[in-house]
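Each chain, letter by letter, is given below.
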Amino acid sequence: MSTVEQAQPRWSVSTLAAAAAVACSTPQALAEANQAAVLLADHRSYLLEKLLALPGITVPVEPVSSFVLARVAGGLRVWERLRERGFAVRRGDTFPGLGKDWLRIAVRDPATTDAFVNILAEVL
């Protein structure tokens, strides 16, 4: 092992990564991150409310991220029809343990959610 290798920390961080970490830790950056988190939670709640109002959609796990995992009868058919209508959602069968009746739906702003849910209601 060379002298340089011996002196290098086990988990080195590049100069750009270190600068990004410092920039992301400023009071302004933290305030922006908190504001974005609150907005995401509001948008997620709105999507969840709209999804649960549709027949045949279940959300068995309370979502806490930027997407909602929903069970939809005929999910693969629904996924294909959504795609034809211009909406992309993630198929559940691409995730280990989930099947074709699962869709991963991204959280978006209320206007996009309204447009999506209207099309989803048509293709169900």
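Just above, that's the structure.
Basis of the calculations
- Numbers given to residues run from 1 along each chain, matching the order in which its sequence is written.
- Residue-level local features of this predicted model are given only where pLDDT is at least 70; pairs of side-chain atoms are given and counted only at 80 or more, and the full residue set underlies all totals for whole chains, interfaces and linings.
- Values shown for side chains rest on all heavy atoms present in the structure; no hydrogens or waters enter the calculation.
- Residue exposure (1.4 Å probe, protein chains only): buried if accessible area is under 20% of the type maximum, exposed if over 50%, otherwise partly exposed.
- In this text, helices come from DSSP runs of H or I with a minimum length of four residues, and strands from runs of E with a minimum of two, each type numbered from the N-terminal end.
- In this description, the arc belongs to the directions extending from the helix axis to the C-beta atoms.
- Throughout, a contact is declared for two residues whenever any of their heavy atoms are within 4.5 Å.
- At least two DSSP bridges between two strands are required for those strands to pair.
- Axis definition: a line fitted to C-alpha atoms, over the contacting stretch in the case of helices. Angles run 0 to 180 degrees between N-to-C directions.

Caption draft 1: Geometry of helix 4 (residues 75-84). Listed in full, the buried residues belonging to helix 4 are G75, V78, W79 and L82. Down the axis of helix 4, the buried set is contained in an arc of 100°. They therefore lie on one face. In this structure, the buried side of helix 4 is in contact with strand 2 (67-72), strand 3 (90-91), strand 4 (102-106) and helix 5 (110-123).

Caption draft 2: Looking closely at the sheet that holds strand 3. Taken in spatial order, the four strands line up as 1-2-4-3 in an open sheet, and their pairing is antiparallel. Because the sheet does not close on itself, it has two edges, and the strands there are strand 1 (57-58) and strand 3. One ladder, built from five bridges, connects strand 2 with strand 4; its direction is antiparallel. Bridge pairing links R71 to W102 in strand 4. Contacting strand 1, strand 2 and strand 4, helix 3 (residues 27-52) runs over the sheet at an angle of about 10° to strand 2.

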